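Topology and contacts: notes
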Amino acid sequence: MTFEEYAFARTSALVRLARLLTDDEHRAEDLVQDVLARAYARWGRISRTDRPDAYVRRMLVNAHNSWWRRRSSREISVAAVLDWAGANDEASVVAERDALWRLVCDLPARQRTVIVLRYYEDLDDTMIAEILGCSSGTVRTHARRALATLRKRQDAPTPARAGEY
């Protein structure tokens, strides 16, 4: 497979993974572009591996972790204004999904990465371990801790928002 064929076939999936890791659409696109540029330079070696997709995903996860470690990357975003619709069922589903995603974003980076790779990318523990460069047991530990944290935070009462009585 040539690099062009790979990039054409997998860019949207890589952007989706990066979006889930970064929680920022624009940063995700930049991250994928950087990773694909580095992969293009090494494509001869990458294409000879058994699973070039796992190699590029690992490059993406590593690039995200490297970006996050830099002090300049700690941007503070402004909280979005939420529109709380009354009886619209679809809106409540979206609101619940958004609330859960905010909890996932608050997880430590390693736990969030495991959750994203397992539940959003539908990868098994072995593939996640290969991407993260750790053992399957470590992946299961991160997943267990992340799910326990999510359950605990989901059950905790939320503080009142400004303007609510």
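Computed from a predicted model, the values in this text were never measured in an experiment. (Residues numbered from 1 in each chain as written. Predicted model: local features only at pLDDT ≥ 70, side-chain atom pairs only at ≥ 80, totals over all residues. Heavy atoms only, no water.)

What to know about the overall build of the protein
Scanning the protein for helices and strands turns up eight helices and zero strands. Split into buried and exposed, the 165 residues of the protein put 34% on the buried side. For the protein, long-range pairs separated by at least 24 residues make up 59% of all intrachain contacts whose partners lie at least 6 apart in sequence. Accessible surface for the protein amounts to roughly 11,000 Å². Of this, 51% is attributable to carbon and sulfur atoms. (Helix = DSSP H or I, 4+ residues; strand = E, 2+ residues; numbered from the N terminus. Buried < 20%, exposed > 50% of the residue type's maximum accessible area, 1.4 Å probe, protein only. Contact = heavy atoms within 4.5 Å. Areas by Shrake-Rupley, 256 points an atom, 1.4 Å probe, with all protein chains shown as cover.)

Quick word on the confidence of the model for the protein
Averaged over every residue, the pLDDT of the protein is 83; the share at 70 or more is 81%. Contacts of residues 160-165 to residues separated by more than four positions or lying in other chains number two contacts, the stretch itself having pLDDT below 50. (pLDDT = per-residue confidence, 0-100.)

Focus: the packing of aromatic side chains
Enumeration according to the criterion identifies four aromatic pairs in this entry. Aromatic pair Y6 and W43: ring centres 5.1 Å apart, planes at 35°, arrangement tilted. Separated by 37 residues along the polypeptide, Y6 in helix α1 (residues 3-22) and W43 in helix α3 (residues 43-47) bring together distant segments of the chain. With a relative accessible area of 8%, W43 lands in the buried category. For the pair W101 and Y120, a centre-to-centre distance of 5.4 Å together with 75° between the ring planes defines the contact as edge-to-face. Within this pair, whereas W101 is found in helix α5 (residues 89-105), its partner Y120 is found in helix α6 (residues 109-120), the two being separated by 19 residues in sequence. (Phe/Tyr/Trp six-rings, centres within 6.5 Å; stacked < 30°, edge-to-face > 60°.)

Some words on unusual backbone geometry
At D23, a position not held by glycine, the phi torsion is positive, near 60°. Residue position: D23 is located in the loop between α1 and α2 (25-41). Residues other than glycine seldom take positive phi values, yet D122 does so here, at roughly 60°. Following the sequence through the fold, D122 ends up in the loop between α6 and α7 (125-132).

Description of the nonpolar core
One finds L14, V56, L60, L117 and I128 to be the most contacted residues of the largest nonpolar core, which totals 40 residues. Those elements that place two or more of their residues in this core are α1, α2, α3, α4 (52-69), α5, α6, α7 and α8 (136-155). Top element by residues in this core is α1. It accounts for eight residues. Ignoring sequence-local partners within four residues, the contact set of V56 consists of Y6, L14, V35, A39, W43 and I46. (Core = buried A, V, L, I, M, F, W, Y, C linked by side-chain atoms within 4.5 Å.)

Let's talk about a negative patch on the surface
On the surface, E25, E29, D30 and D34 cluster together into a negatively charged patch. Position of E29 among the secondary structure elements: in helix α2. (Patch = residues over 30% accessible without salt bridge, like charges linked within 9 Å, V, L, I, M, F, W, Y side chains within 5 Å. Salt bridge = Lys/Arg side-chain N within 4 Å of Asp/Glu carboxyl O. Lys, Arg positive; Asp, Glu negative; His and termini not counted. Charge placed at Lys NZ, Arg CZ, Asp CG, Glu CD.)

Notes on the packing of α6 against α7
At a closest axis distance of 10 Å, the pairing of α6 and α7 adopts a crossing angle of 135°. Relative to α7, the element α6 is oriented oblique. In the packing of α6 onto α7, the handedness of the crossing is right-handed. Side by side, α6 and α7 meet where R110, T113, V114, L117 and R118 of the first sit next to D125, I128, I131 and L132 of the second. Among the residues making up the contact of α6 with α7, the classes are represented as five nonpolar, one polar and three charged. (Axes fitted to C-alpha atoms, helices over the stretch in contact; angles between N-to-C directions. Parallel < 35°, antiparallel > 145°, perpendicular 65-115°, else oblique. Left-handed = near helix turned anticlockwise from the far one by under 90°. Nonpolar A, V, L, I, M, F, W, Y, C, P; charged D, E, K, R; others polar.)

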